[in-house]
Amino acid sequence: MPECRAYYSMRGNVQAARLSGSTSVASTSDLGIVREKIAAARSLAVLTGAGISADSGVPTFRGTDGLWRNFRAEDLATPEAFERDPRLVWEWYNWRRELIATKRPNPAHAAVVELERRCSEFWLITQNVDGLHRAAGSEKLSEIHGNIWKVRCTACGVVEDNHDVPIPILPSCRHCQGLLRPHIVWFGESLFASDLSRCAAALQSCDVLLVIGTSGVVYPAAGFASVAKEAGAFVAEINPDATPHSETVDVSLRGRAKEVVPLLL
Ligand code: APR
């Protein structure tokens, strides 16, 4: 998939994504067009970001409530930050675990499950690590940035489920006592090859791609809409604010995920 960089990175100035965002409700005619495209689709792909979980009360990364102790995600979600201060990074993830543990899937997550049920060829690509898509019932999905409820041993590499809230800091591997890290793809790390190839296949073959609640500034996911569009898909974005992709997608539905996505069924 040459169009998609496997490296997890940021593009340009984040502020560029916060264009003069409108919060106007999606127009009925645009909604109708997207609904028709979905109904006729043989193959459907969905890409989600933090915005879909915002409606469950999970703060987005680049929204006003995305900071923790004045750190940005880019300051903490890196191998360098973990090497420098694993305690600080684990405290941040523990805070996020405590927060996410209290959240439940919202009607947008449920609508994505229904889309999966209706379309025989379906793939969900999520950048979210909160596990809310799985909790809602999604099964055909790639969690391309990992999952906050999994840990990986930095010494022996074993990956395990871990739902501890709070998680003991610093957590250690029950097999070899090595330091555990979140099983999350950090800035500067590559996505898992199996996820990339599965996502590439979905993007190349889908008739329709829905892009829900992502600022579109973090690669490789930021390139997925263009990959699908170049392969001939109809691409619709659902976001209350404009993004760098709003001008190039086929339809940009301005509104909150929990309000707009159920209307697409
Ligand atoms: N419904 C839909 N979209 C929403 C909503 C909502 N209720 N509320 C906010 N949004 C939109 C914002 O307008 C913004 O475009 O969700 C997007 C959230 O953007 P980010 O915080 O940048 O999150 P995301 O795009 O998922 O970030 C990508 O960056 O920090 C890393 O690993 C992290 O997976 C994350 C990646």
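Coordinates for the structure precede this section.
Residues numbered from 1 in each chain as written. Predicted model: local features only at pLDDT ≥ 70, side-chain atom pairs only at ≥ 80, totals over all residues. Heavy atoms only, no water.

Participant: Looking at this model, I keep getting lost on the sheet that holds strand β5 (residues 146-153). Mind explaining?
Facilitator: Think of a sheet as strands paired side by side through backbone hydrogen bonds, with each pair either parallel or antiparallel. Here 3 strands make up an open sheet; going across it, the order is β6-β5-β7 and the pairing antiparallel. Each end of this open sheet is capped by a strand with a single partner; those strands are β6 (159-161) and β7 (180-184). This sheet shows a mean twist of 45 degrees between the axes of neighbouring strands, independent of strand direction. On the sheet, helix α5 (residues 86-100) packs against β5 and β7 and is oriented at approximately 140 degrees with respect to β5. (Pairing = 2+ DSSP bridges. Helix = DSSP H or I, 4+ residues; strand = E, 2+ residues; numbered from the N terminus. Axes fitted to C-alpha atoms, helices over the stretch in contact; angles between N-to-C directions. Contact = heavy atoms within 4.5 Å.)

Participant: Can you walk me through unusual backbone geometry in this structure?
Facilitator: Trans is the common state for peptide bonds, and a negative phi is the common state for residues other than glycine. In this model, valine 165 is joined to proline 166 through a cis peptide bond whose omega is -5 degrees. Tracing the sequence through the fold places proline 166 in the loop between β6 and β7. Cis geometry is adopted by the peptide bond preceding leucine 170, which originates at isoleucine 169 and carries an omega value of 0 degrees. With respect to the helices, strands and loops of the structure, leucine 170 is situated in the loop between β6 and β7. Positioned with a positive phi, asparagine 70 is a non-glycine residue whose angle comes to about 70 degrees. Look at asparagine 70 and you get exposed, because its relative accessible area is 68%. (Buried < 20%, exposed > 50% of the residue type's maximum accessible area, 1.4 Å probe, protein only.)

Participant: Before we go on, may I ask you to explain the pattern of salt bridges in this structure?
Facilitator: Between side chains of opposite charge, a pair can form when the charged atoms approach closely. Tallying each qualifying case throughout the model produces 14 salt bridges. Between arginine 72 and aspartate 75 there is a salt bridge; the shortest N-O distance is 3.0 Å. For glutamate 114, the salt bridge identified is with arginine 117, shortest N-O distance 2.6 Å. Placement of the pair is glutamate 114 and arginine 117 together in helix α6 (residues 107-118), with a separation of 3 residues, close to one helical turn. For arginine 117, a relative accessible area of 61% corresponds to the exposed category. (Salt bridge = Lys/Arg side-chain N within 4 Å of Asp/Glu carboxyl O.)

Participant: In this structure, what is going on with α6? I would like to understand it.
Facilitator: One full turn of an α-helix is made of 3.6 residues, so residues set three or four places apart face in the same direction. Look at α6: 16 Å from first C-alpha to last across 12 residues, which is about the 16 Å you get at 1.5 Å a residue. Restricting attention to buried positions, one finds in α6 the residues Ala108, His109, Ala111, Val112, Val113, Glu114, Leu115 and Glu116. Its side-chain oxygen at 2.7 Å from the backbone nitrogen of alanine 108, asparagine 106 defines the N-terminal cap of α6. (Expected span 1.5 Å × (residues − 1). Polar contact = N/O pair within 3.5 Å; in protein donor to acceptor, adjacent residues only side chain to side chain.)

Participant: I keep staring at the packing of aromatic side chains and nothing clicks. Help me out?
Facilitator: Describing an aromatic ring pair means giving the distance of the ring centres and the angle of the ring planes. Enumeration according to the criterion identifies 6 aromatic pairs in this entry. Geometrically, the ring pair formed by tryptophan 92 and tyrosine 93 is tilted, given 4.7 Å between the ring centres and 55 degrees between the ring planes. Using a relative accessible area of 3% as the deciding quantity, one classes tryptophan 92 as buried. By relative accessible area, tyrosine 93 is classed as buried at 1%. Aromatic rings pair up to connect Phe82, Trp90, Trp92, Tyr93 and Trp186 into one cluster. Positioned above the aromatic ring of tryptophan 186 is the side chain of arginine 181, whose terminal nitrogen or guanidinium carbon lies 3.8 Å from the ring centre. (Phe/Tyr/Trp six-rings, centres within 6.5 Å; stacked < 30°, edge-to-face > 60°. Lys NZ or Arg CZ within 6 Å of the ring centre and 35° of its normal.)

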